[in-house]
Amino acid sequence: MLSKTMRYYGQRSLSTDVSAYARILEGFRGSIGNTPLIRLPKLSQETGCNILVKAEYLNPGGSIKDRAALFLIKDALDKNLIKSGATIVEGTAGNTGIGLAHICNALGFKCVIFMPDNQSKEKIDILRVLGAEVTTVPVVPITDPNNYNHHAKRYAEQHENSVWTNQFDNRANRDGHYSTTGPEVWTQTNGKVNAFVMSTGTGGTLAGTCMYLKEKNSKIRTVLADPPGSVLYHYIKSGKLERTDGSSITEGIGQGRLTQNLKDAPIDESLFIKDQDSVNMVFKLLCEEGFFIGASSGLNVAAAVEISKSMPKGSTIVTTICDNGQKYFNRLFNKNELSKRGLLDQLPEQYHKNIF
Ligand code: PMP
């Protein structure tokens, strides 16, 4: 007998439903945002809640950070900070840089990126192929003048016609999510969203989306999900910037301070998610739901499942798939790396065929 899922996949209407993309989009800029909101059938059935994911990996540069990149450049243009032939400079874990590099190519700008040297090689390769000038620097805290963000700021100060977009503290980042991601989630759920949960790097996505959703309905539960080694879990709980133990396999999330983008955001609570739970969820989504995602998205979905345990049955919980797994072959899908981080032994046996 065919299962419900099999019958669903067999439906013929699939190729004729083009309503979401019924118009022609204008260039790279025009194809940022308006991502689908996808219900995960298996996890929804298991939790008794609607687990919905915003498919941010479908942005044209491949991640949620295309939105921030667009709004940061738009902000610089609006403020007349950019002249033709400008150089855009940013400190980034990679994805914002990739978004910026694409937009720079579309606008004829040069792109200069400073990255911490513990990020995936694939992101650096992509940036170089896009034509960005990439410098990796040792990982040091923001209080150290050699932190990657200070390098970016200094570069812009020392070079003519250069702009540091400052994704962490420039609120154009969260404003972009307030004016796009938030309204999209609200509209796509017909206002029936009960909780929004996700991890943060700059805080732009979580803050901007939650600001919009809380304005629409203050009862929507807003949750920050945090990996090991970040201060935000404790900050939201107690107001103290106290780091949780360890470091994380996730990239682009976790934070050592309160960024301007996260400051005063209407976040109700925080959840700590262990790497093992994030990684196991990456493989569950891959093998059981059909989605090939990165580690921050595994964490996000693990957090959505966690909060479903304290929500009434039938609640709608929204999170994001920030990017896909293709940038993380050498880490997340690599046996030695998982083993080195103590994440292999508790990865369910059925997923060991998916790593090499
Ligand atoms: N996931 C991934 C893969 C990212 O690259 C980032 C941003 N660095 C985030 C999540 C977090 O997004 P935000 O900066 O808006 O908090």
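Going by an unreviewed UniProt entry, the protein carries the name Cysteine synthase 1 and comes from Rotaria sordida. According to the UniProt record, the Pathway (unreviewed entry) comment for the protein reads "Amino-acid biosynthesis; L-cysteine biosynthesis; L-cysteine from L-serine: step 2/2." Quoted straight from UniProt, the Subcellular location (unreviewed entry) entry for the protein says "Mitochondrion".

*Asks:* I would appreciate a short explanation of the overall build of the protein in the present structure.
*Replies:* Looking only at helices and strands, the protein features 14 helices and 10 strands. A globule of 356 residues ought to have a C-alpha radius of gyration of about 21 Å, and the protein, at 20 Å, matches this closely. For the protein, the spread of C-alpha atoms along the principal axes amounts to about 65 × 50 × 40 Å. The proportion of buried residues among the 356 residues of the protein is 47%. Of the contacts made within the protein by residues no fewer than 6 positions apart, 69% connect residues no fewer than 24 positions apart.

*Asks:* What exactly am I supposed to notice about the site of the ligand here?
*Replies:* Around the ligand sit 20 residues in total, of which Gly-201, Thr-205, Gly-252, Ser-296 and Cys-322 are the nearest. Among the elements that take part in the shell around the ligand, helix α10 (residues 204-216) stands out by supplying 3 residues, more than any other. For the shell around the ligand, a count of residues per class yields 5 nonpolar, 12 polar and 3 charged. In terms of domain composition, the shell around the ligand takes at least three residues from each of domain 1 (9-63 + 175-354) and domain 2 (65-164).

*Asks:* Explain unusual backbone geometry to me, please; I cannot follow it from the model alone.
*Replies:* With glycine set apart, most residues show a phi of negative sign, and most peptide bonds adopt trans. Not every positive phi belongs to a glycine, and Asn-34 is a case in point at roughly 50 degrees. Looking at where Asn-34 falls in the secondary structure, it is placed in the loop between α2 (27-30) and β1 (37-39). You can call Asn-34 partly exposed: it has 15 C-beta atoms within 10 Å. Phi is positive for Asn-166, which is not a glycine, with a value near 55 degrees. Mapping Asn-166 onto the fold places it in the loop between β6 (162-164) and α8 (172-179).

*Asks:* Explain the sheet that holds strand β9 (residues 269-272) here, please?
*Replies:* Sheets are built from strands paired through backbone hydrogen bonds, the pairs being either parallel or antiparallel. As summarised here, the arrangement of the 6 strands in space is β1-β2-β10-β7-β8-β9, forming an open sheet in which the pairing is mixed. Each edge of the sheet is formed by a strand with only one pairing partner; in this case those strands are β1 and β9. Each adjacent strand pair in this sheet contributes to an overall mean axis angle of 30 degrees, direction not counted. In the sheet, β1 pairs with strand β2 (residues 50-55) via 3 bridges, with the strands oriented antiparallel. Among the inter-strand pairings, Ile-38 is bridged to a residue of β2, identified as Val-53. Across the face of the sheet, helix α13 (residues 295-308) comes into contact with β2, β7 (195-198), β8 (221-226), β9 and β10 (316-321) while running at roughly 170 degrees to β10.

*Asks:* Where do I start with the sheet that holds strand β5 (residues 133-137) in this structure?
*Replies:* An order of β5-β4-β3-β6 is seen for the 4 strands of this open sheet, with the pairing classed as parallel. Edge positions in the open sheet fall to β5 and β6, since each of these has one partner strand only. Each neighbouring strand pair of the sheet contributes to a mean axis angle of 20 degrees, computed without reference to strand direction. Against the sheet, helix α7 (residues 148-158) contacts β3 (87-91), β4 (110-116), β5 and β6, and its axis sits at roughly 160 degrees relative to β3.

*Asks:* Looking at this structure, how should I read the UniProt feature "domain: Tryptophan synthase beta chain-like PALP" (unreviewed entry) in the protein?
*Replies:* Those places that UniProt annotates as "domain: Tryptophan synthase beta chain-like PALP" (unreviewed entry) correspond, in this numbering, to residues 31-323. Taken end to end, residues 31-323 is 41% helix and 17% strand, and its first and last C-alpha atoms sit 16 Å apart.

*Asks:* How should I be thinking about the pairing of β5 in this particular structure?
*Replies:* On a regular strand, one side chain projects to one face of the sheet and the next to the other, so that they alternate. Pairing between β4 and β5: 5 bridges, direction parallel. When the sheet's bridge partners are listed, Val-112 is paired in β5 with Glu-133.

*Asks:* What am I meant to see in the domain arrangement of the protein here?
*Replies:* Each domain of the protein was delimited in the assignment, giving domain 1 (9-63 + 175-354) and domain 2 (65-164). Contacts between the two partners involve 29 residues from domain 1 and, on the opposite side, 21 residues from domain 2. Those elements giving two or more residues to the side of domain 1 that touches domain 2 turn out to be α2 and α8. Classifying every residue of the side of domain 1 that touches domain 2 by side-chain character gives 5 nonpolar, 17 polar and 7 charged.

*Asks:* Would you take a moment to explain α10 for this structure?
*Replies:* For an α-helix the count is 3.6 residues per turn, leaving residues at separations of three or four pointing the same way. Taking 1.5 Å of rise per residue, 13 residues should cover 18 Å, and α10 covers 18 Å from first to last C-alpha, within 8% of that figure. The complete set of buried residues in α10 reads Gly-204, Thr-205, Leu-206, Ala-207, Gly-208, Thr-209, Cys-210, Tyr-212 and Leu-213. Buried residues along α10 sit in contact with α4 (65-78), α8, α9 (181-188), β7, β8 and β10.

*Asks:* For this particular structure, what's the right way to read α4?
*Replies:* The terminal C-alpha atoms of α4 lie 20 Å apart, and with 14 residues this matches the ideal 20 Å at 1.5 Å per residue to within 8%. Within α4, 11 of the 14 residues are buried, which leaves the element mostly enclosed by the surrounding structure. Every buried residue of α4 is listed here: Lys-65, Asp-66, Arg-67, Ala-68, Ala-69, Leu-70, Phe-71, Leu-72, Ile-73, Asp-75 and Ala-76. Positive backbone phi, at 55 degrees, marks Asn-80, one or two positions downstream of α4.

*Asks:* Explain the nonpolar core to me, please; I cannot follow it from the model alone.
*Replies:* Counting 55 residues, the largest nonpolar core has Phe-196, Val-197, Ala-303 and Ile-317 as its most contacted members. Tallying contributions element by element places α13 first for this core, with 8 residues. Those residues within four positions of Phe-196 in sequence are excluded, and the remaining contacts are Val-185, Thr-209, Cys-210, Leu-213, Ile-220, Thr-222 and Val-318. Leu-70, Leu-127, Ala-156 and Val-163 belong to the second-largest nonpolar core, a separate cluster that totals 35 residues.

Rules used in this analysis
- Each residue is numbered by its place in its chain's sequence as written, counting from 1.
- Side-chain atom pairs in this predicted model are given and counted only at pLDDT of 80 or more, local residue features only at pLDDT of at least 70, and totals for whole chains, interfaces and linings cover all residues.
- UniProt positions are given in the numbering used here, feature names are shortened, and annotations may be inferred rather than shown by experiment.
- A run of H or I in DSSP becomes a helix once it reaches four residues, and a run of E becomes a strand once it reaches two; helices and strands are each numbered from the N terminus.
- Only the C-alpha atoms count toward the radius of gyration. The rule for a globule is 2.2 Å times the residue count to the power 0.38.
- Buried residues are those with 20 or more other C-beta atoms within 10 Å of their own C-beta, exposed residues have 12 or fewer, and partly exposed residues lie in between; C-beta atoms are placed from the backbone.
- What counts as a contact here is a pair of residues whose C-beta atoms, placed from the backbone, lie within 7 Å.
- Any residue whose backbone-placed C-beta atom lies within 6 Å of a molecule or strand is treated as near that molecule or strand.
- Three classes are used, and their members are as follows: Ala, Val, Leu, Ile, Met, Phe, Trp, Tyr, Cys and Pro are nonpolar, Asp, Glu, Lys and Arg are charged, and the others, Gly among them, are polar.
- Boundaries of every domain are those given by an automatic assignment or by a domain database.
- Whether two strands pair depends on DSSP finding at least two bridges between them.
- Think of each axis as a best-fit line through the C-alpha atoms, taken over the contacting stretch in the case of a helix, with angles from 0 to 180 degrees between the N-to-C directions.
- Given the number of residues in a helix, its expected span is that number minus one, multiplied by 1.5 Å.
- Here a nonpolar core is just a set of buried residues of the types Ala, Val, Leu, Ile, Met, Phe, Trp, Tyr and Cys, joined wherever their C-beta atoms sit within 7 Å.

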